[in-house]
Amino acid sequence: QVQLVESGGGVVQSGGSLRLSCAASGFAFGAFGMSWYRQAPGKERELVAVITRISSTNYADSVKGRFTISRDDARNRVYLQMNSLKPEDTAVYYCHADLAGLSAWGQGTQVTVSF
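Residues numbered from 1 in each chain as written. Predicted model: local features only at pLDDT ≥ 70, side-chain atom pairs only at ≥ 80, totals over all residues. Heavy atoms only, no water.

Chemist: Help me understand the state of the cysteines in this model?
Modeler: Here a disulfide denotes a covalent bond joining the sulfur atom of one cysteine to the sulfur atom of another. By the definition in use, this model includes one disulfide. Note that cysteine 22 is cross-linked by a disulfide to cysteine 95, the S-S spacing being 2.1 Å. The S-S bond linking cysteine 22 to cysteine 95 shows a torsion near -80°; that makes this disulfide left-handed. With cysteine 22 in strand S3 (residues 18-25) and cysteine 95 in strand S9 (residues 91-99), this residue pair connects regions lying 73 residues apart in the sequence. For the pair cysteine 22 and cysteine 95, a shared accessibility class is recorded, and that class is buried. (Disulfide = S-S within 2.5 Å. Helix = DSSP H or I, 4+ residues; strand = E, 2+ residues; numbered from the N terminus. Buried < 20%, exposed > 50% of the residue type's maximum accessible area, 1.4 Å probe, protein only.)

Next up, the structure:
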């Protein structure tokens, strides 16, 4: 069965860093692109970063230069390195896989950036 499990969230001060991890199983991880989304209270879920199966990347304008998405196909992992965090980055962060028309989501991990 397809499973995505996020970890690495927590509370950090403004300007600090966190690294999120997503453990994937149940599908051919290396054959698919992966994404990170986030959802803040009262807002729609938004796309944060995308990485293709060949490790090309794209980022939301709000995180460019601060966040880095990467993948480790040997471990079926996708990561989101978050630097220079701002309070507006506070949200639940979700790992996502598009499996040929079937979307898979993790349970989410909370990131809270304090002043």
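Chemist: So what exactly am I meant to see when it comes to the side chain of arginine 38 here?
Modeler: Tracing the backbone shows arginine 38 in strand S4 (residues 34-39). For arginine 38, a relative accessible area of 5% corresponds to the buried category. A distance of 3.0 Å separates polar atoms of two side chains, one belonging to arginine 38 and the other to aspartate 89. With residues near it in sequence (within four places) discarded, arginine 38 still touches Glu44, Arg45, Glu46, Val48, Ser62, Val63, Phe67, Glu88, Asp89, Ala91, Val92 and Tyr93. (Polar contact = N/O pair within 3.5 Å; in protein donor to acceptor, adjacent residues only side chain to side chain. Contact = heavy atoms within 4.5 Å.)

Chemist: Would you mind showing me how to read the packing of aromatic side chains here?
Modeler: The relation between two aromatic rings is expressed through the spacing of the ring centres and the mutual angle of the planes. For the coordinates displayed, the defined rule picks out four aromatic pairs. Centre to centre, the rings of phenylalanine 27 and phenylalanine 29 are 6.2 Å apart; their planes meet at 50°, and the pair counts as tilted. Residue phenylalanine 29 is classed as buried on the basis of its relative accessible area, which comes to 2%. For the pair tyrosine 94 and tryptophan 105, a centre-to-centre distance of 6.4 Å together with 90° between the ring planes defines the contact as edge-to-face. Highlighted residues: tyrosine 94 in strand S9 and tryptophan 105 in strand S10 (residues 102-105), separated in sequence by eleven residues. With a relative accessible area of 35%, tryptophan 105 lands in the partly exposed category. The structure contains a cluster of three or more aromatic residues connected by ring pairs, namely Phe27, Phe29 and Phe32. Its end group placed over the ring of tyrosine 79, arginine 19 keeps NZ or CZ at 4.4 Å from the ring centre. Lying across the ring of tyrosine 94, arginine 45 places its NZ or CZ 3.8 Å from the centre. (Phe/Tyr/Trp six-rings, centres within 6.5 Å; stacked < 30°, edge-to-face > 60°. Lys NZ or Arg CZ within 6 Å of the ring centre and 35° of its normal.)

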